[in-house]
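# Breakdown of the fold
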Amino acid sequence: MKKVIVTGGSGFIGSNLVNFLIEKKFYVINLDKLTYSSNTYKNKLRNKKNYKLIKIDIINKKKITKIITKYKPDVIFNLAAETHVDRSIDGPRNFIQTNIVGTFSLLEALRQLQKRKINPKLIHVSTDEVYGDIKKNYRSLENDRYEPSSPYSASKASADHLVKSYIRTYKLKAVISNCCNNYGPYQFPEKLIPKMISNIFENKELPIYAKGKNSREWIHVEDHCSALFQLYLRGKNGESYNVGSGINLSNINLVKKLLKICNIMNIKIGKKTKIKYVKDRPGHDFRYALNSNKILKKLNWKPKIKFEKGLKQTI
Ligand code: NAD
């Protein structure tokens, strides 16, 4: 059984990735600090023979080195991160610690282990937010300039630069993915889609920033997982790959779509469940949009889950 390490494997994308890898018959070691955003859902797929959870902060280079030495994984997927933009605005410190210093610790562990011929491939999971605000009619390419706007996206951009420098300087085997907004099961309900769904269920208002015109590209988390798996199998070391669906939607249209699907599903929409425009987030990027032709053409990957169907499943 091939071994795989997933950092942040208790988070939203990590949980889905762990399940995906177990179904592919890998032994998965999940390294997670178990912060507020990690989930504790019961999971039938996981047992002693295919899964181990180790509670750890990825900043702890010594422990990380020991674990990699012990398990000698074929690949490490790095997803451990602080991920909520609003929290990064309220207090950036944890974002700098986990997203930058944490990635640095992992890179240092890998640099030192190279000398002992322990050389797993690193799939470093990043975001479309590193490219900053994207003009109408344009979609970001992998070699576009990074122009992060929030402490969150700046911390992700910094981590990507560190990974790139280790690839170039130390010939580290690594690939970076820049993915758009994910949706699907197991997401902490502070993020837009699960928050709106929970508020609908709880007969609460639906708060939307500014006029709701900000546009995001959405991909189902299982499609992101299949892309990450392709990057492990066939992604070229040293390269970055955008991972998107090509489906952009304004926040207001997304919320209207959720309400419509809830109606079709006969979910009761209470009297208090109304869209409420709230003061905009400081520095709020208006639009993110990826050009994902590289992964589509070079790795022959494509997203499979239709947006409406995925939203219905998420609800
Ligand atoms: P999440 O917040 O749901 O999960 C993050 C996980 O990391 C949690 O389980 C948490 O306990 C763990 N963690 C936090 N700090 C840690 C530390 N110091 N050491 C070890 N574990 C730690 O996040 P997510 O949405 O699953 O995102 C995963 C990765 O994907 C992140 O790197 C994020 O930047 C990236 N990403 C997310 C999206 C999205 O839409 N959610 C889109 C593109 C990229």
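Now for a quick tour of the structure. (Residues numbered from 1 in each chain as written. Predicted model: local features only at pLDDT ≥ 70, side-chain atom pairs only at ≥ 80, totals over all residues. Heavy atoms only, no water.)

This part is about the site of the ligand. The environment of the ligand is formed by 28 residues, the closest being I13, D32, T83, Y152 and K156. F12 is positioned such that a nitrogen or oxygen atom in its backbone is 2.9 Å from an oxygen atom of the ligand. One nitrogen or oxygen atom from the side chain of S37 is found 2.9 Å from an oxygen atom belonging to the ligand. Across the complex, the protein chains shield 97% of the 840 Å² of accessible surface that the ligand would expose by itself. Here the element with the most residues in the shell around the ligand is strand 5 (residues 121-127); it accounts for three residues. (Near = heavy atom within 4 Å. Polar contact = N/O pair within 3.5 Å; in protein donor to acceptor, adjacent residues only side chain to side chain. Areas by Shrake-Rupley, 256 points an atom, 1.4 Å probe, with all protein chains shown as cover. Helix = DSSP H or I, 4+ residues; strand = E, 2+ residues; numbered from the N terminus.)

So, on to the pairing of strand 6 (residues 174-179). Along strand 6, six of the six residues are buried, which leaves the element largely enclosed by surrounding structure. Burial along strand 6 is two-sided: the residues A174, I176 and N178 and V175, S177 and C179 are all buried. For strand 5 and strand 6, the ladder comprises six bridges, and the chain directions are parallel. Looking across to strand 6, one finds that H124 is bridged to I176. What joins strand 5 to strand 6 is helix 5 (residues 151-170), and the crossover it makes is right-handed. As judged from the four bridges shared by strand 6 and strand 10 (residues 240-243), these two strands associate in the parallel manner. If you follow I176 over to strand 10, its bridge partner there is S240. (Buried < 20%, exposed > 50% of the residue type's maximum accessible area, 1.4 Å probe, protein only. Pairing = 2+ DSSP bridges. Right-handed = clockwise from strand over helix to strand, strands pointing away.)

A few words now on the nonpolar core. Among the nonpolar cores identified, the biggest contains 39 residues, and V6, L21 and F77 are the most heavily contacted of them. Contributing elements (two or more residues each) for this core: strand 1 (3-7), helix 1 (12-23), strand 4 (75-78), strand 5, strand 6, helix 7 (221-234) and strand 10. Not counting chain neighbours up to four residues away, the residues in contact with F77 comprise V4, I5, V6, T7, L17, L21, I123, L228 and Y232. Y27, I29, I68 and L172 belong to the second-largest nonpolar core, a separate cluster that totals 26 residues. (Core = buried A, V, L, I, M, F, W, Y, C linked by side-chain atoms within 4.5 Å. Contact = heavy atoms within 4.5 Å.)

What follows is about the pairing of strand 4. The two faces of strand 4 match: V75 and F77 on one face and I76 and N78 on the other face are all buried. Judged from the four bridges that link them, strand 1 and strand 4 form a sheet pairing that is parallel. Bridging from a neighbouring strand, T7 pairs with N78 of strand 4. When strand 4 meets strand 5, the two strands line up parallel, connected through four bridges. Bridged to V75 within strand 5 is K121.

This part covers helix 2 (residues 61-71). Listing the buried residues of helix 2 in full gives I64, T65, I67, I68, T69 and Y71. Buried residues along helix 2 sit against strand 1, strand 2 (27-32), strand 3 (51-55), strand 4 and helix 4 (93-114). In the segment just after helix 2, K72 is the residue with positive phi, at about 40°.

A word on the environment of W301. Looking at where W301 falls in the secondary structure, it is placed in the loop between helix 9 (293-298) and helix 10 (307-314). Sequence separation between W301 and L231 is 70 residues, and the spatial gap between their C-alpha atoms is 9.5 Å. Those residues in contact with W301 that sit more than four places away from it in its chain are I219, D223, S226, A227, Q230, V243, G244, I295 and L296.

Let us now look at the sheet that holds strand 7 (residues 181-183). The strand order across the open sheet formed by three strands is 7-9-11, and the pairing between neighbours is mixed. At either end of the open sheet lies a strand with only one pairing partner, and these are strand 7 and strand 11 (248-250). With strand direction ignored, the average angle separating the axes of adjacent strands in the sheet is 50°. Each of strand 9 (215-220) and strand 11 touches helix 8 (residues 251-264); the most contacted strand, strand 11, lies at about 90° to it. (Axes fitted to C-alpha atoms, helices over the stretch in contact; angles between N-to-C directions.)

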